[in-house]
Amino acid sequence: LWGQHKLLNFFEVNVKLPTTHGGNVMILYFSGTGNSAYVAKYIGKNINDEVLNIFSLLKNKDFSTVTSEKPFVVVVPTYAWQIPHLVRDWMKKTQFEGSKEIYFVMTCGSDIGNGGYYAKKLSEKMGMTYRGTAQIIMPENYIAMYKAPEIEEAKAIVNAAKPSIDATVKCINDNQEIPKVSYKFGDYTKSSWVNVLFNLLISGDKFYSLDSCTSCGYCEKACPTNNIKIVEGKPVWGKDCTHCMACICTCPQAAIEYGNTSKGKPRYTCPKMD
């Protein structure tokens, strides 16, 4: 299973709780296995702005004010063709001060459906001016249903995403709206009814640990909803699962499975690019 040698670095970069989130911030991101973290940092580097991992804010239910004098950029994965509900709900309860403009960047394995429409609705509820949603196709990580790519294929997909990220950077730098993604009729269904069903049906019930589990606790720390507890040396999953795949993909022993569907599949974390 590729990527396990990178897990210590991934955990430190993407899961470690930041000590502060005050001050002037612009790019906010949440990432389960590293795709959105990569895109957020790529954008931050190219527009020379601060990047904030909101993982600890989600985990600790911290709704403290965030401030930016420039438009906010929210970079998140796509969950059932919308932004993750845990991020949406956090944004509704958090005060955004300074700029009233907001961009969204959604990473996905194939498409974001009609996700931009729901990002726009969220912006309006927050009293923000919506500046568009970018669709960035990255390697698939939802191994509860699909197969993640092997490392060389994953690198090729990430490289292929760079023109889309560069186009997004240009829009932000030029203070232009991100062009609307072309939608098909089925996209409206995916982002509405399918999304509702997805969020009703997902749970942690099918996750379980193998005998190779070493009780390291990575899965517990990596869970943004505090849904995993170590009980008698083994992880136990509760009902508040968002299916981010962080636990199963960042386990250093590959000691977690999801029913029978994850067996034999590579565990995915975003590859380190040259």
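The structure presented is a predicted model; accordingly, all values stated were derived computationally and were not measured.

K.L.:
What exactly am I supposed to notice about the overall build of the chain here?
P.N.:
The number of helices and strands found in the chain is 9 helices and 11 strands. For the chain, the C-alpha radius of gyration of 18 Å lies close to 19 Å, the compact-globule estimate for 274 residues. Considered along the principal axes of its C-alpha atoms, the chain spans approximately 55 × 40 × 35 Å. In the chain, the proportion of contacts linking residues at least 24 apart, taken out of those at least 6 apart, comes to 78%. Summed over its atoms, the accessible surface of the chain is roughly 12700 Å², and 53% of this surface lies on carbon and sulfur atoms.

K.L.:
I keep staring at the pattern of salt bridges and nothing clicks. Help me out?
P.N.:
Opposite charge on two side chains allows them to pair when their charged atoms are near. Enumeration according to the criterion identifies 9 salt bridges in this entry. One salt bridge connects Asp 49 with Lys 70, and the closest N-O pair in it is separated by 3.4 Å. Here Lys 70 lies in the loop between strand 3 (66-68) and strand 4 (72-77) and Asp 49 lies in the loop between helix 2 (35-47) and strand 2 (51-53), a separation of 21 residues in the sequence. Note on Lys 70: relative accessible area 42%, which makes it partly exposed. Through salt bridges with shared partners, a single network forms among Glu 101, Arg 131 and Glu 177.

K.L.:
Teacher, can you tell me more about the sheet that holds strand 2 here?
P.N.:
Strand pairing in a sheet relies on backbone hydrogen bonds. The paired strands run either parallel or antiparallel. On the basis of which strands lie adjacent, the open sheet formed by 5 strands has the order 2-1-4-6-7 and parallel pairing. The sheet terminates laterally at strand 2 and strand 7 (129-137), the two strands that pair on one side only. Here the average twist between neighbouring strands, direction ignored, is 20°. Pairing of strand 1 (residues 27-29) with strand 2, which is carried by 3 bridges, proceeds in the parallel orientation. Paired with Ile 27 across the two strands is Val 51, which belongs to strand 2. Its contacts with the sheet put helix 2 on strand 1, strand 2, strand 4, strand 6 (101-108) and strand 7, and the angle it makes with strand 1 is roughly 170°. Together, strand 4, strand 6 and strand 7 form the strand contacts of helix 6 (residues 151-173), whose direction differs from that of strand 7 by roughly 165°.

K.L.:
I would appreciate a short explanation of the environment of Glu 257 in the present structure.
P.N.:
Its place among the elements puts Glu 257 in strand 11 (residues 256-258). Judged by its relative accessible area of 9%, Glu 257 falls in the buried class. As for Glu 257 and Phe 207, which are separated by 50 residues in sequence, their C-alpha atoms are 5.7 Å apart. Ignoring anything within four residues of it in the chain, the contact list for Glu 257 reads Lys 206, Phe 207, Tyr 208, Leu 210, Ile 248, Ser 262, Lys 263 and Arg 267.

K.L.:
Any chance you could explain the packing of aromatic side chains here in plain terms?
P.N.:
Under the counting rule described, the total for this entry stands at 8 aromatic pairs. Their ring planes at 85° and their centres at 5.0 Å tell us that Tyr 117 and Tyr 118 sit as a pair that is edge-to-face. Residue class for Tyr 117 comes out partly exposed when judged on its relative accessible area of 42%. We classify Tyr 118 as partly exposed; its relative accessible area is 23%. An aromatic cluster is built from Phe 72, Trp 90 and Phe 96, whose rings are joined through pairwise contacts.

K.L.:
What am I meant to see in the packing of helix 2 against helix 6 here?
P.N.:
Each pair of packed helices can be described by the angle between their axes along with the distance between the axes. At their nearest, the axes of helix 2 and helix 6 sit 10 Å apart, and the two run at 45° to each other. With respect to helix 6, the axis of helix 2 lies oblique. The crossing of helix 2 and helix 6 is right-handed. Contacts between helix 2 and helix 6 involve Tyr 38, Val 39, Tyr 42, Ile 43, Asn 46 and Ile 47 from the first element and Val 158, Lys 162, Ile 165, Asp 166, Thr 168, Val 169, Ile 172 and Asn 173 from the second. The residue makeup of the contact of helix 2 with helix 6, split by class, is 9 nonpolar, 3 polar and 2 charged.

Reading guide: rules and limits
- Residues numbered from 1 in each chain as written.
- Predicted model: local features only at pLDDT ≥ 70, side-chain atom pairs only at ≥ 80, totals over all residues.
- Heavy atoms only, no water.
- Helix = DSSP H or I, 4+ residues; strand = E, 2+ residues; numbered from the N terminus.
- Rg over C-alpha atoms; globule rule 2.2 N^0.38 Å.
- Contact = heavy atoms within 4.5 Å.
- Areas by Shrake-Rupley, 256 points an atom, 1.4 Å probe, with all protein chains shown as cover.
- Salt bridge = Lys/Arg side-chain N within 4 Å of Asp/Glu carboxyl O.
- Buried < 20%, exposed > 50% of the residue type's maximum accessible area, 1.4 Å probe, protein only.
- Pairing = 2+ DSSP bridges.
- Axes fitted to C-alpha atoms, helices over the stretch in contact; angles between N-to-C directions.
- Phe/Tyr/Trp six-rings, centres within 6.5 Å; stacked < 30°, edge-to-face > 60°.
- Parallel < 35°, antiparallel > 145°, perpendicular 65-115°, else oblique.
- Left-handed = near helix turned anticlockwise from the far one by under 90°.
- Nonpolar A, V, L, I, M, F, W, Y, C, P; charged D, E, K, R; others polar.

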